[in-house]
Amino acid sequence: SFPNGIAVDPDGQILYLGLSGNRQVVQMRLWADGSIGEPRPYARQTPDGLALEAGPAGGGVWVCHPGKALVVRYDPAGRPTDEVELVLPGGGEGRAIACAVSPDGATLWVVGIEALPPGADLFTAMADKVTVGHLWRADIEGSLAHAEMLTAVGVISEADHADIRRGMAQIGDVLIVGGDGAL
């Protein structure tokens, strides 16, 4: 198994780790002396990036599903409660790779790619620069609807840029490139 997504709860006491090969997300207790507790099952899903909610709705964990066009939210007990579908204009599906939740807990940001043809190897496609990256935004406050797609070559407002910068700080530096190589 290999780790593919990591987050620490706001209290700094629980580490969430996505294990793609094991098709699960586990929790581990972080002790005051710096030691880490034994992994315990949290959610049964193949993960490809995850993010914790912080704001008023805190406690949920959003997990990217690499084989499907969706991101699933799990409650603190590890039960699925919501999902956001990644829709491309004109049809087609995206594949979620990484996500972040805005500091106020109202927005879910997702980066991913357009689905590849069946049998295509992701790493070969990336090396050949034939993947098309996208950025999605979903309002996760209140009832959920499908994610609004924002492409890196599209128009993104200054407010969106601020949310993106805050969100990306949670998941690391991410470069989103359109199919033509433009940012």
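Remember, it's a predicted structure, so these values are computed and weren't measured experimentally.

Notes on the pairing of strand β7 (residues 70–74)
Of all 5 residues that make up β7, 5 are buried, and the element is covered over most of its length. Going residue by residue along β7, you find Leu 70, Val 72 and Tyr 74 tucked away on one face and Val 71 and Arg 73 tucked away on the opposite face as well. Pairing of strand β6 (residues 61–65) with β7, which is carried by 5 bridges, proceeds in the antiparallel orientation. If you follow Trp 62 over to β7, its bridge partner there is Arg 73. Linking two consecutive strands that pair antiparallel, namely β6 and β7, is a turn of 4 residues. Both β7 and strand β8 (residues 80–85) contribute to a ladder of 5 bridges, which runs antiparallel. Its bridge partner lying in β8, Val 72 is registered against Glu 83. The loop that links β7 with its antiparallel partner β8 comprises 5 residues; one of these, Gly 78, has a positive phi angle of about 90 degrees.

Digging into the sheet that holds strand β5 (residues 50–52)
The sheet built from 4 strands is open, its strands ordered β5-β6-β7-β8 with antiparallel pairing. The open sheet terminates on both sides in strands that have one partner only, identified here as β5 and β8. The average angle at which neighbouring strand axes cross in this sheet is 20 degrees, direction not considered.

A look at the sheet that holds strand β4 (residues 40–43)
Taken together, 4 strands build an open sheet; the order of strands is β1-β2-β3-β4 and the sheet is antiparallel. Looking at the sheet topology across the chains shown, the edges are occupied by β1 (3–8) and β4. Geometrically, the sheet is characterised by an average inter-axis angle of 30 degrees between neighbouring strands, direction not taken into account. Where strand β2 (residues 14–19) lies against strand β3 (residues 24–29), 6 bridges are found, and the strand directions are antiparallel. Bridge pairing in β3 links Tyr 16 to Gln 27.

Rules of the game
Residues numbered from 1 in each chain as written. Predicted model: local features only at pLDDT ≥ 70, side-chain atom pairs only at ≥ 80, totals over all residues. Heavy atoms only, no water. Buried < 20%, exposed > 50% of the residue type's maximum accessible area, 1.4 Å probe, protein only. Helix = DSSP H or I, 4+ residues; strand = E, 2+ residues; numbered from the N terminus. Pairing = 2+ DSSP bridges. Axes fitted to C-alpha atoms, helices over the stretch in contact; angles between N-to-C directions.

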